[in-house]
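For reference, the chains in residue letters:
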Amino acid sequence: MASAENVPTPEKAPKSHAAPPAERKARPPVDPSVLRHRELKDGEFWREIPAFANVSEEEFLDYKWQMKNSLYGEDKLIELMEGLAPKAFVDDVLRGFHLAPMAVRVTPYLFSLIDWNDPLHDPIRTQFIPVASRLTVDHPMLTLDSLHEQADAPVEGLTHRYHDKALFLPLDTCPVYCRFCTRSYAIGVDTDVVEKVSLKVSPKRWEEAFAYIESRPELEDIVISGGDAYNLAFKHIEAIGMRLLEIPNIRRIRFATKGLAVMPMKILSDDRWLDAVTRVAEHGRKVHKQVAIHTHFNNPNEITEISRRATNTLFERGITVRNQSVLQRGVNDDPETMRLLVKRLGEINVEAYYVYQHDMVQGVEDLRTSLQTNLDIEKFVRGATAGFNTPTFVVDAPGGGGKREAHSYEHYDRETGVSVYSAPSVKPGQLFTYFDPLHSLSESAREDWKDAGKREQMVQDALSAARNHQGQR
C-alpha cells in the first residue's frame, strides 16, 4: 500500500478571474424600434370612419352597440365602404362576396382598425373581407373538412381525436367570421359555395356530449369552442363550465374565443358574461382544476389599448389567457411582424401558445404559406422573448393527425411542396400529408399538380421517403 507521502498531488485548476471593471462592456443603447410592442393604438380612432364620427367612447365600448352595428352581409358593408375606399376596391369586394366559403361579419371595432388608405394590403381586411382579385385556385388535395373533425366525432359536436382531450362545439356562430376558418363546413350561414352542417345551441345535444365524456375515463381536457364561446349566453357559459368541472376525470377546460381580438369591449361591458366565466374559474381553483381562455390575435395591429384594458380585467380576476395564431400570407408571414405580435401579446399578459400552419381551407388558398416560411419564422422568433411566451409553431395534420411541431416532419420535398408527418400518440402507424400552396411552387411543379397521374406519384414518393426515414431510426 502506498504511503501518504508517495501519493501524487493533483494539479490545481487555474483560478478564474472576473473581468476587471474597465474591460466589462455594457450593451449598446437600445434602438427605440425594439420597444414598438409597447406602443398600442389609443384614442378615439374610430371617429376617423365617417359613419362612426359621432360615436362617443361610452357607445363604442358598449358590446351591445358593437353587436347591433356589426357589418353583416353585403349591403351593409358595401354601404359603409363607399366613399371610404376606391370604387375599384369596392367592386372587388362585391365579386369576392360570391366566391367566399364564409359569410362576412365584421365588428365596427375591427372595421375602424383597417387602413382605408390601402385596404387591399391591410392585414385585418385580408382576414375578414374577401376580394376576388386575390383569390387563387384551391390545391387539388384540399377537402372541406381537412382535419376530419366530423369523422372523429363519436357524438354530434364533440371531436375525440387525442387520447385525453376532446373538442366540444356547443354552437355554430361567432361575433365575426374569419375567411380562413377551418370549420367553414359548419360556421355561419350557407354561402354560394358551401352548405353548412348545423350545430345550433341545444342543451339536449350538449348532454349527449357530456354523457360521452363521463363514459371515457381517459378524457381530462375539454376545449369549448364552436363557433365561439363569446356567443354563448352567460347562463350557458356557467352551465357548461360547471357541468364539465363536476365530471371526476376532467382536469382542464378552456373557453375558446376570438372575441378578445375582435370585440374586447364585451369583457369591459358585459358584466354577466364576465362574472359567469369568473365563477367557473374560481370554482375550478377550489376543486384544483384549470380553467383558461384561449383567444386568437393574428397581427399586432389587432392589439390596442382597449385590448389591454380587457386582458387586464381578466388578469385581475386570475384568469389565464393564451393565444393561438394562424400563419397567413400578407398578415403575419413576415418574421418581424410575428416577433412584434409575440412581444405585444406578452405586453398585455397573453401567453403566446401556438402558431398554426394555415389549414387547407376551401376558398382561401391566397392566405396559405409554404411550410418553409413557418420554419424560417420560428427560427427568427425563438429567443426574442422568454420561452414560456414563445409560441410553438405547428401543423395540424390533415386527415386527423393532430398538431405536430412544424419541424418534426418525416419528409419535406420543397419542390413538390409535400410534407409528411407521423402522430404515434394520436394515430399510431399512420402518415399524414400537408401540401404547400400552389402559388409557392415553381411553374413546373404547378403544372405537375394539374396531372392526376403525376399528382398521385408525388404523394406516393413522399410517403415512401417518409417510411424510409422512419426505417433508418
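Here is what the cut-offs are and how they apply
Residues numbered from 1 in each chain as written. Predicted model: local features only at pLDDT ≥ 70, side-chain atom pairs only at ≥ 80, totals over all residues. Heavy atoms only, no water. Helix = DSSP H or I, 4+ residues; strand = E, 2+ residues; numbered from the N terminus. Rg over C-alpha atoms; globule rule 2.2 N^0.38 Å. Buried < 20%, exposed > 50% of the residue type's maximum accessible area, 1.4 Å probe, protein only. Contact = heavy atoms within 4.5 Å. Areas by Shrake-Rupley, 256 points an atom, 1.4 Å probe, with all protein chains shown as cover. Lys, Arg positive; Asp, Glu negative; His and termini not counted. Charge placed at Lys NZ, Arg CZ, Asp CG, Glu CD. Pairing = 2+ DSSP bridges. Salt bridge = Lys/Arg side-chain N within 4 Å of Asp/Glu carboxyl O. Axes fitted to C-alpha atoms, helices over the stretch in contact; angles between N-to-C directions. Core = buried A, V, L, I, M, F, W, Y, C linked by side-chain atoms within 4.5 Å. Domains from an automatic or database assignment. Buried area = accessible area lost by both parts, 1.4 Å probe. Polar contact = N/O pair within 3.5 Å; in protein donor to acceptor, adjacent residues only side chain to side chain. pLDDT = per-residue confidence, 0-100. Expected span 1.5 Å × (residues − 1). Parallel < 35°, antiparallel > 145°, perpendicular 65-115°, else oblique. Nonpolar A, V, L, I, M, F, W, Y, C, P; charged D, E, K, R; others polar.

Of regular secondary structure, the protein possesses 16 helices and 14 strands. At 25 Å, the protein has a C-alpha radius of gyration in line with the 23 Å of a compact globule built from 473 residues. Overall, the C-alpha framework of the protein stretches about 100 × 60 × 55 Å when taken along its three principal axes. Burial statistics for the protein: of 473 residues in total, 53% are counted as buried. Taking the contacts inside the protein whose residues are at least 6 apart along the sequence as the reference set, 76% of them involve residues at least 24 apart. Summed over all atoms, the accessible surface of the protein reaches about 22000 Å², with 49% contributed by carbon and sulfur. Placing the 59 positive and 69 negative side-chain charges of the protein at their respective mean positions leaves the two points 4 Å apart.

Buried residues dominate strand β14 (residues 431-435), accounting for four of its five residues. Where strand β13 (residues 418-422) and β14 come together, five bridges link them in antiparallel fashion. Bridge assignment links Val-420 to a residue of β14, and that residue is Thr-433.

Tallying each qualifying case throughout the model produces 27 salt bridges. Put simply, Glu-207 and Arg-243 hold a salt bridge, and the shortest N to O gap is 2.7 Å. One end of the pair, Glu-207, is in helix α7 (residues 203-215); the other, Arg-243, is in helix α8 (residues 234-245), with 36 residues separating them in the sequence. In this structure Glu-207 comes out as partly exposed when scored by relative accessible area, which is 36%. Glu-447 is the partner of Lys-450 in a salt bridge, and the nearest nitrogen-oxygen pair spans 3.1 Å.

With that settled, consider the sheet that holds strand β4 (residues 165-168). Spatially, nine strands are ordered β3-β4-β5-β6-β7-β8-β9-β10-β11 in an open sheet, and the strand pairing comes out mixed. Both outer strands of the open sheet, β3 (158-159) and β11 (402-405), are each paired with one neighbouring strand and no more. By the bridge criterion, four bridges tie strand β7 (residues 290-295) to strand β8 (residues 320-326) in an arrangement that is parallel. Bridge pairing in β8 links Thr-295 to Asn-323. With respect to the sheet, helix α13 (residues 335-347) is in contact with β8, β9 (351-356) and β10 (392-397), its orientation differing from that of β9 by roughly 150°.

Phe-111, Trp-116 and Ile-253 are the most contacted members of the largest nonpolar core, which totals 99 residues. It is helix α11 (residues 271-286) that contributes the most residues to this core, six residues altogether. The residues that make up this core include at least three from each of domain 1 (41-134) and domain 2 (158-406). Those residues in contact with Ile-253 that lie beyond four places of it in its chain are Ile-222, Ile-224, Gly-241, Leu-244, Leu-245, Val-280, Gln-290, Val-291 and Ala-292. Core analysis: the next-biggest nonpolar cluster, separate from the first, contains 21 residues, Val-395, Phe-435, Met-458 and Leu-463 among them.

A common way to express how large an interface is: the accessible area buried when the components associate. As assigned here, the protein comprises domain 1 (41-134), domain 2 (158-406) and domain 3 (408-472). Look at where the C-alpha atoms of domain 1 and domain 2 centre, and you get two points 23 Å apart. Contacts between the two partners involve 32 residues from domain 1 and, on the opposite side, 43 residues from domain 2. A buried area of about 3100 Å², summed over both sides, lies between domain 1 and domain 2, and 64% of it is on carbon and sulfur atoms. Per-residue buried area on domain 1 facing domain 2 is highest for Pro-101, Met-102 and Gln-127; these three make up 24% of the total on that side. Our enumeration of links across domain 1 and domain 2 arrives at one salt bridge. In this structure, the connection of domain 1 to domain 2 is made through twelve residue pairs in polar contact (both at pLDDT 80 or more).

Here we come to the confidence of the model for the protein. Here the protein shows a mean pLDDT of 91. Residues at 70 or above account for 91%. Per-residue pLDDT stays below 50 along residues 190-194; that stretch engages in 18 contacts with residues further than four places along the chain or on separate chains.

Over its 16 residues, α11 runs 22 Å from end to end, which matches the ideal 22 Å to within 8%, given 1.5 Å per residue. A positive backbone phi angle near 60° is found at His-288, which sits one or two residues after α11.

On to unusual backbone geometry. The phi torsion at His-288 lies on the positive side, around 60°, for a residue other than glycine. Examined against the element boundaries, His-288 turns out to sit in the loop between α11 and β7. The phi dihedral of Asn-349 is positive, around 65°, even though this residue is not glycine. You can see Asn-349 is positioned in the loop between α13 and β9. Taking relative accessible area as the criterion, Asn-349 reaches 37% and is therefore assigned partly exposed.

As a further point, take the packing of helix α3 (residues 74-81) against helix α4 (residues 87-97). The geometry of α3 relative to α4 is characterised by a closest axis approach of 10 Å and an angle of 170° between their N-to-C directions. One element, α3, and the other, α4, form an angle in the roughly antiparallel class. Where α3 approaches α4, its residues Glu-74, Leu-77, Ile-78 and Met-81 are matched on the opposing element by Phe-89, Val-90, Val-93, Leu-94 and Phe-97. Class assignment of the residues belonging to the contact of α3 with α4 gives a composition of eight nonpolar, no polar and one charged.

Further remarks concern the environment of Glu-82. Looking at where Glu-82 falls in the secondary structure, it is placed in the loop between α3 and α4. Given the relative accessible area of 52%, Glu-82 is considered exposed. The spatial distance from the C-alpha of Glu-82 to the C-alpha of His-160 is 46 Å, given a sequence separation of 78 residues.

All right, on to the sheet that holds strand β12 (residues 411-413) then. Where strands meet in a sheet, backbone hydrogen bonds hold them as pairs that are either parallel or antiparallel. The three strands lie next to each other as β12-β13-β14, forming an open sheet whose pairing is antiparallel. This sheet does not close on itself; its edge strands, each paired only once, are β12 and β14. Sheet twist, expressed as the average angle between the axes of neighbouring strands with direction ignored, equals 20°. Against the sheet, helix α16 (residues 452-471) touches β12, β13 and β14, its axis set at about 130° to β14.

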